[in-house]
Each structure stands twice: as C-alpha cells, then as structure tokens.
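Each chain, written out:
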Amino acid sequence: MRDRLTRRVDTGSVATHVLLSLGALVMVFPFLWQLLTALKTLPEAVHVPTTFFPEQWNGASFKEVFTALPYGEMLGNSVINTVGRTAGQLVFCSLAAYAFARMRFRGKDVLFALFLSVLLVPSSLLILPQYDIVQRLGLLNTAPALFLPGMFSAFGTFMLRQFFLSLPRELEEAARIDGAGPFRIFWSIMLPLIRPALAALAVITAMWSWNDLLWPLVVNTDPAKMPISAGLTSLEGQFETNYPVMMAGSLIASLPMIVLYLFLQRHFVQGIAQSGTKG
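Not measured: the values here are computed from a predicted model.

Observations regarding the layout of surface pockets
Here the largest pocket defines a volume of roughly 690 Å³. In terms of lining residues, the largest pocket is bounded by 25 residues, among which S123, L126, F152, S153 and W208 are the most central. Sorting the residues of the lining of the largest pocket by element identifies α4 (71–102), α5 (108–117), α6 (127–136), α8 (154–166), α11 (195–211) and α12 (214–219) as the ones contributing at least two each. Per-element accounting of the lining of the largest pocket gives the leading share, four residues, to α11.

This is the structure:
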C-alpha cells in the first residue's frame, strides 16, 4: 500500500516538474531567440526559411546599436523616467492608501469609488489632456514630461489599501496612547509593515514605466530626450529593418528590469500573494 502511494506521489511530482519545466521553457524562449537573432548577420536574420542557431556567430550588433542611436542618453532617460514614476507612486499611493484604509472622513467611500473608476478609463484617452497640460507648462522634450503624469495610479492606491486594511488597529491605538500623530504612525509603524506590497508596486511600476512606448513617443520627439523603449522604434525602417541591431538593443534594455525583478523577487511574490487577503 505504501509502495503504491509512493508511486502516485512520485508520478504526480514528476508530472508537476515536467509542466513547470515546459512553462519555464516557453517563458525563456523569446529571450533565447532574441539573443540568437542578435548574434546573426542581417542576411541570415531575414533569410526564409529562418534558422534557429546562427551559421556565423556575429557580435557586431551589440557595438553597432551604440552608434545607430544615442543609446547611453536614451538609457539615462529611461532610468530617470522609471525612478521618477516609481518613487512618485510609492509616495503618493501609500499616502492615499493609508488615508482610505485607516482614517475616517466624510465621503471616503464615494471618493474611493471615484478613484477606482479611473481604472475603467483607457490610458490612451488621457493622452490629449495630459499633453495639453505638459505643453502649457513648457515641458515638452524634457525629462520631467516623461514621468510627471505617471507619478500616481489608482491601481497602486487600491493595492496598498488592501495591505493597510490587513494590519491590526491595536498598533495605531498603542501609538496614539504614546502620543504619536497620524503621520508618525504612518511613517514609523504602518509603512515598514507593508514592505512586500511596496516592493511589488515598485517592480510593477518600474516594468510598466521602462516599457512605456506611446506617451514618450507623443511628448518627446527629440531622440536625445527619448527613453530606450521609444528610441528602439527608430531602428525599424520603411523598407528594411536591421533585426540583429534591434534585438541587441532590446536585449540590453531588458537587462536592468531582469536584475530588478531578481533582486526583489521574494518581496514581489509575497506582496502579490497578500494583496487580496482583506477587502
């Protein structure tokens, strides 16, 4: 009987590992194809039928991408855009989430419902009014134009609010007895307890900001002021596209986000798992 149970457990374990391995292969395959294409020559990359491995290993595309584009400046713009949006959302969303979760004021539920209604509006509909505001402020083709409209999000407020709701109120009551004010309670007691949620929001916001394409293309037309996501689109020509150079640039651009996710992976998974524990 024990042998049969062991066989069943072993069979289930093997099947689980096989499925997970296949899923991992599916997720890794685009990066592998990207790397192999970057190591091909242009005639080989556009040859039909295509080949998986390069016949002639060529690493010149990784050097050419820095001459085809102001790549260093674009990477710097991407960093500024990502850091600005992420820092802004962590500050503003945490303050708003704490107010909605722990404070009592008239019209709180109605105001929070209005916040959530923003999630129903497609972001593309907000481009024209945002562009008009940025233009009136004289910020076109500047770094602040990239991150200012994205320094707050209803999703981040909702996510952090769920975490604040899960914390026991006895912590606040004990702090009030000791003479702590609302901001002191928020900064010294509540905020450190939601570090997993902050890490998850930071990763989500950073990846979204790093890959954002439409808004940077609209607000910054100067190549030296574009982030790398918008700059790579200029490598696509009307009649011919240098796919090895484009793949090399995309691969280099994706490395910072991969490193960020690996660094915050444990907090990110924990934050996503706990974000809906209490409504």
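This is not the end of the story, as more comes after the structure.
Some points on α8
Helix length check: α8, at 13 residues, gives a terminal C-alpha distance of 19 Å against a target of 18 Å (1.5 Å per residue), a fit within 8%. Within α8 the residues assigned to the buried category are A154, G156, T157, M159, L160, R161, Q162, F163, F164 and L165. Capping the start of α8, S153 holds a side-chain oxygen 3.0 Å from the backbone nitrogen of G156, two or three residues further along.

Quick notes on the packing of aromatic side chains
Following the criterion strictly, the structure yields 14 aromatic pairs and no others. For the ring pair F100 and F105, a centre distance of 6.3 Å and an interplane angle of 45 degrees mean the geometry is tilted. For F105, a relative accessible area of 35% gives the class partly exposed. Members of the aromatic cluster, joined through ring pairs, are Y98, F164, F183, F186 and W187. Stacked on the ring of W33, the Lys or Arg K40 has its end atom at 4.9 Å from the ring centre. A cation over an aromatic ring shows up here: R161 above the ring of F112, its NZ or CZ 4.2 Å from the ring centre.

Conventions we followed
- Residues numbered from 1 in each chain as written.
- Predicted model: local features only at pLDDT ≥ 70, side-chain atom pairs only at ≥ 80, totals over all residues.
- Heavy atoms only, no water.
- 1 Å grid on protein atoms, 1.4 Å probe; cavity = no way out; pocket = protein on both sides within 12 Å on 5 of 7 lines; lining within 4 Å.
- Points joined across faces, edges and corners; volume = space filled by probe spheres on them.
- Helix = DSSP H or I, 4+ residues; strand = E, 2+ residues; numbered from the N terminus.
- Expected span 1.5 Å × (residues − 1).
- Buried < 20%, exposed > 50% of the residue type's maximum accessible area, 1.4 Å probe, protein only.
- Polar contact = N/O pair within 3.5 Å; in protein donor to acceptor, adjacent residues only side chain to side chain.
- Phe/Tyr/Trp six-rings, centres within 6.5 Å; stacked < 30°, edge-to-face > 60°.
- Lys NZ or Arg CZ within 6 Å of the ring centre and 35° of its normal.

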